[in-house]
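Descriptive structure summary
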Amino acid sequence: MDDQLEIVIANPPIIDEARKIFKLPEGTIFTYGKKIYNPSGRPIDNPLYVHEKKHSEQQGDSPDLWWRRYLSSSPFRASQEIICYQLQYRKAKEQAKDREKLNRYLVRLAKDLSGEMYANLMTFSEALETIKNPRFYTFKI
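Notes on the structure follow. Owing to the predicted nature of the structure, the values given are computational and were not obtained by experimental measurement.

Quick word on the layout of surface pockets
Within this model, the largest pocket holds a volume of roughly 550 Å³. Elements supplying a minimum of two residues to the lining of the largest pocket: β2 (30-32), α2 (46-59), α3 (63-72), α4 (74-95) and α5 (99-114). Looking at side-chain class alone, the lining of the largest pocket contains 15 nonpolar, 6 polar and 7 charged residues. Residue lining of the second largest pocket: Asp45, Asn46, Pro47, Ala92, Gln95, Ala96, Lys97, Asp98, Lys101, Leu102 and Tyr105, and that is the complete set. Listing elements by their share of the lining of the second largest pocket, those giving two or more residues are α2, α4 and α5.

Printed below as a string of structure tokens:
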């Protein structure tokens, strides 16, 4: 079975609903089922691909239901994003040769996770510590 995700240069089917809840930067990438929607067409590096692949796994065969819950529940959204950001950072850390560059990457990830793109799920400090935590977070939601 091919486990690669298709990359589509378009907005996802849930873009209108997402825009009602989040302040989305131009070109925000979404995963919906087995497709990564990349409206800007910018390159998707390995760490980001790992993040999006995890979202595809989380959605399973029911991306509609997953997205409905994701858009309506902050605790659920946090439970889904935290592990994806942890995986993304770990993949970047595996590939990093420059510690300063890795630190700047971590700061950018923490700003994203704590920012308006996710309706301010947590503070920047919480996001920073959560992403780099060696333990994967598990949630009872």
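Quick word on the packing of aromatic side chains
Summed over the entire model, instances satisfying the criterion amount to 7 aromatic pairs. Plain terms: the ring middles of tryptophan 66 and tryptophan 67 are 5.1 Å apart, the flat faces sit at 85 degrees to each other, and that makes the pair edge-to-face. Each member of the pair, tryptophan 66 as well as tryptophan 67, is classed as buried. Centroid distance tyrosine 85 to tyrosine 118: 5.9 Å. Interplanar angle 90 degrees. Geometry classified as edge-to-face. Remark: tyrosine 118 occurs in the loop between α5 and α6 (124-132) and tyrosine 85 occurs in helix α4; sequence separation between them is 33 residues. Classification of tyrosine 85 as buried rests on a relative accessible area of 3%. The class of tyrosine 118 is buried, set by a relative accessible area of 8%. The residue whose ring lies beneath arginine 77 is tyrosine 70, and the NZ or CZ to ring-centre distance is 5.9 Å.

Some words on the sheet that holds β2
Here we have 3 strands laid out as an open sheet, ordered β1-β3-β2, and mixed in their pairing. The sheet is open, and its two borders are formed by β1 (6-8) and β2, each paired with just one other strand. Strand-to-strand twist of the sheet, defined as the mean angle between neighbouring strand axes without regard to direction, takes the value 30 degrees. As judged from the 3 bridges shared by β1 and strand β3 (residues 35-37), these two strands associate in the parallel manner. Residue isoleucine 7 lies in a different strand from β3, and its bridge partner there is isoleucine 36.

Quick look at the environment of glutamine 58
Here glutamine 58 is to be found in helix α2. What glutamine 58 contacts, discounting residues up to four positions off in sequence, is Trp66, Gln80, Ile83 and Cys84.

Re the side chain of histidine 55
The residue histidine 55 is located in helix α2 in this model. Of note is the side chain of histidine 55, whose polar atom sits 3.1 Å from the side chain of histidine 51. Leaving out residues up to four positions away in the same chain, histidine 55 has contacts with Thr31, Trp66, Gln80, Glu81 and Cys84.

About the thresholds
- Residues numbered from 1 in each chain as written.
- Predicted model: local features only at pLDDT ≥ 70, side-chain atom pairs only at ≥ 80, totals over all residues.
- Heavy atoms only, no water.
- 1 Å grid on protein atoms, 1.4 Å probe; cavity = no way out; pocket = protein on both sides within 12 Å on 5 of 7 lines; lining within 4 Å.
- Points joined across faces, edges and corners; volume = space filled by probe spheres on them.
- Helix = DSSP H or I, 4+ residues; strand = E, 2+ residues; numbered from the N terminus.
- Nonpolar A, V, L, I, M, F, W, Y, C, P; charged D, E, K, R; others polar.
- Phe/Tyr/Trp six-rings, centres within 6.5 Å; stacked < 30°, edge-to-face > 60°.
- Buried < 20%, exposed > 50% of the residue type's maximum accessible area, 1.4 Å probe, protein only.
- Lys NZ or Arg CZ within 6 Å of the ring centre and 35° of its normal.
- Pairing = 2+ DSSP bridges.
- Axes fitted to C-alpha atoms, helices over the stretch in contact; angles between N-to-C directions.
- Contact = heavy atoms within 4.5 Å.
- Polar contact = N/O pair within 3.5 Å; in protein donor to acceptor, adjacent residues only side chain to side chain.

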